[in-house]
Amino acid sequence: MTTGASDPKAKPEALGRVTFLDGQNELPMLEVSTAWSTAVIYLHGAHVTQFKKHDEPPLLFMSQCSRFTEGQPIRGGIPVIFPWFGPREGLRQHGFARVQTWELKEFAPAPDGSVSLRFRLPDSPEAAAFPPFTADYIVTVNQSLTLQLVITNLSKDAEFTFENCLHSYFEVGDVTALSISGLKGLSYLDTVGGSVEKTETSDALRISSEVDRIYQNASDTVAIFDPRLGRKIRVEKQGSASTVVWNPWIAKSRQMPDFGDEEYERMICVESGNVASNSISLPPGGSSTLTVKLSSETLK
Ligand code: BG6
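These numbers come from a predicted model, not from an experiment. What you see as residue numbers is a count from 1 along each chain, following the sequence as written. Local features in a predicted model are, by the rule used here, given only for residues with pLDDT of at least 70; side-chain atom pairs are given and counted only at 80 or more, and totals for whole chains, interfaces and linings are based on all residues. No hydrogens and no water enter the side-chain calculation; it runs on all heavy atoms of the structure.

## Structural notes on the state of the cysteines
In plain terms, the rule: Disulfides are defined as cysteine sulfur pairs within 2.5 Å.
On inspection of all chains with the given rule, the structure shows zero disulfides. Between C65, a free cysteine, and C269, which holds the nearest cysteine sulfur, the sulfur-to-sulfur gap is 15 Å. Of the cysteine sulfurs around C165, a residue in no disulfide, the closest is that of C269, at 9.2 Å.

Printed below as a string of C-alpha cells:
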C-alpha cells in the first residue's frame, strides 16, 4: 500500500510518500520517499536502517552481516537504546526497545514535503519491571533526518530512572581519514580496557584504534568531517547530555558475529542520549524528549 498527502494545494512532486513493504526476512518495513531523500524504517526496533539524500551516498552505515531476526538487534542504522545503555547484569545489552516490534501510530506527509511517523513501544513483560511509562518515537524525513524519543512516566507516585541513546552508525569513506569536532574539553569515560575518566584535548578527534567513549555533559553539536566521501555530517541534539563515540576496530569486529571483519573501516558511531552519570530520573507524570537532527552537506 502506498499513501501520499491529500492536500490538493500541495505540488504533487513535493509530496512525501510512505510505502509498506516486507523487508529482510519478511519483517515489516516502511519506505519513505520525499523530494530530497529516501528512508527505510523497520517496525522491529523502530529501526531506521537507511537515510539517503538523492545526491549523496547513504548517510547511515548498515552491516552486510546484520541479522534481521525477531529478538536480535539490527547491526547498523539507528538502534533505539532504552531503557538502559550497555550491559546490565542478567539482562540483554542496551535495553529491550531495539528488539521489540513497535506500533506505527500515525504518519503524516506534510504539505511542505516532509513525512513524520510516530511509533510507540508496546507493553511487554520486560517493561513491567519499571514504573508504567510510554515511549514514543517520531521520525521526520526531509532534507535531513530528525528523531525524537519521548518518554513519559505514567506513575502517580514512583520516579522512573532510565538511560536512552540513539545509536547512529554513519557511513564514512575511511574511518582513519575522518575527524570529529565538538568534543574538546569534555570529560569522558574511556571504556576500552576498563572505565577510566579522561578529558578530551582534541578539537578534531582522529580514529586509529578501538574507540569506545562516553562523553559526559555533552550537549553540543558534533560534526564528522569525511574527506574521502567529501561530506560533513552534523549531529545536532536537544535533551541529550551524553555523546558516545564507538568504533570496534580489528579484534572486536572479528568477535562480532553480525559484523564484517573489515566493516569497521567504513563506519563510525556518534550516538546521542543520556547515559551513565547523565541518566534521566522522571518524577511521577514527568516527560522527557530526546531530539536528534542528522544532516549532511557535500564538501566543496
Ligand atoms: C556502543 C557501546 O554504544 O555499542 C559499545 O559503547 C558496544 O561498548 C557497542 O560494543 C555495540 O553494542 P552491541 O550490543 O550493539 O554489540
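Past the structure itself, the notes keep going.
## Re the sheet that holds strand β9 (residues 133-141)
For clarity, the threshold we go by: When DSSP locates at least two bridges between a pair of strands, those strands are taken to pair. Going along the chain from the N terminus, every DSSP run of H or I of four or more residues is numbered as a helix, and every run of E of two or more is numbered as a strand. Lines are fitted to the C-alpha atoms to define the axes, a helix being fitted only along its stretch in contact, and any angle between axes, read from their N-to-C directions, falls within 0 to 180 degrees.
Pairing in this open sheet of eight strands is antiparallel, and the strands run β7-β8-β9-β10-β23-β19-β18-β14 from one edge to the other. Among the strands making up the open sheet, the edge pair consists of β7 (103-109) and β14 (179-181). Averaged over neighbouring strand pairs, the angle between their axes works out to 15° when direction is ignored. Sheet analysis places β7 next to strand β8 (residues 115-120), joined by six bridges and oriented antiparallel. Bridge assignment links E106 to a residue of β8, and that residue is R118.

## Quick look at the layout of surface pockets
Note the following rule: A pocket here means an open set of points on a 1 Å grid, computed over the protein atoms alone, that has protein on both sides within 12 Å along at least five of seven lines. A cavity is instead a set of points where a 1.4 Å probe fits but cannot get out; residues with an atom within 4 Å of a point line either one. Grid points are joined across faces, edges and corners, and a volume is the space filled by probe spheres set on the points. Residue polarity follows a fixed list, in which Ala, Val, Leu, Ile, Met, Phe, Trp, Tyr, Cys and Pro are nonpolar, Asp, Glu, Lys and Arg are charged, and the others, Gly among them, are polar.
Within this model, the largest pocket holds a volume of roughly 540 Å³. Around the largest pocket sit 25 residues that line it, and G86, P87, Q93, H94 and K252 are the ones nearest its centre. Going through the elements one at a time, β17 (211-216) and β20 (242-247) are the ones with two or more residues in the lining of the largest pocket. Taken together, the residues of the lining of the largest pocket sort by class into 10 nonpolar, six polar and nine charged. Its volume calculated, the second largest pocket comes out at about 190 Å³. Along its surface, the second largest pocket is lined by 13 residues, and T49, Q50, L60, M62 and Q64 are the ones closest to its centre. Secondary-structure elements contributing two or more residues to the lining of the second largest pocket are β4 (37-42) and β5 (47-53). Across the lining of the second largest pocket, the residue classes break down as seven nonpolar, four polar and two charged.

## Considerations on the pairing of strand β21 (residues 267-274)
Heads up, the condition is: Classification of residues uses two cut-offs on accessible area relative to the type maximum, computed with a 1.4 Å probe and protein chains only: under 20% is buried, over 50% is exposed, and between them is partly exposed.
Among the eight residues in β21, eight count as buried, and that is most of the element. Alternating residues of β21 divide into M267, C269, E271 and G273 and I268, V270, S272 and N274, and every residue in both groups is buried. Strand direction decides the pairing type here: strand β12 (residues 164-166) and β21, joined by three bridges, are antiparallel. The residue of β21 that forms the bridge with N164 is N274. Summarising the sheet, strand β13 (residues 169-171) and β21 pair through three bridges and their orientation is antiparallel. Its bridge partner being in β21, E171 is matched across the sheet by M267. Relative to β21, β20 runs antiparallel, the two sharing five bridges. Counterpart to S242 in the pairing with β21 is G273.

These results come straight from atomic positions and should not be treated as a statement about function.
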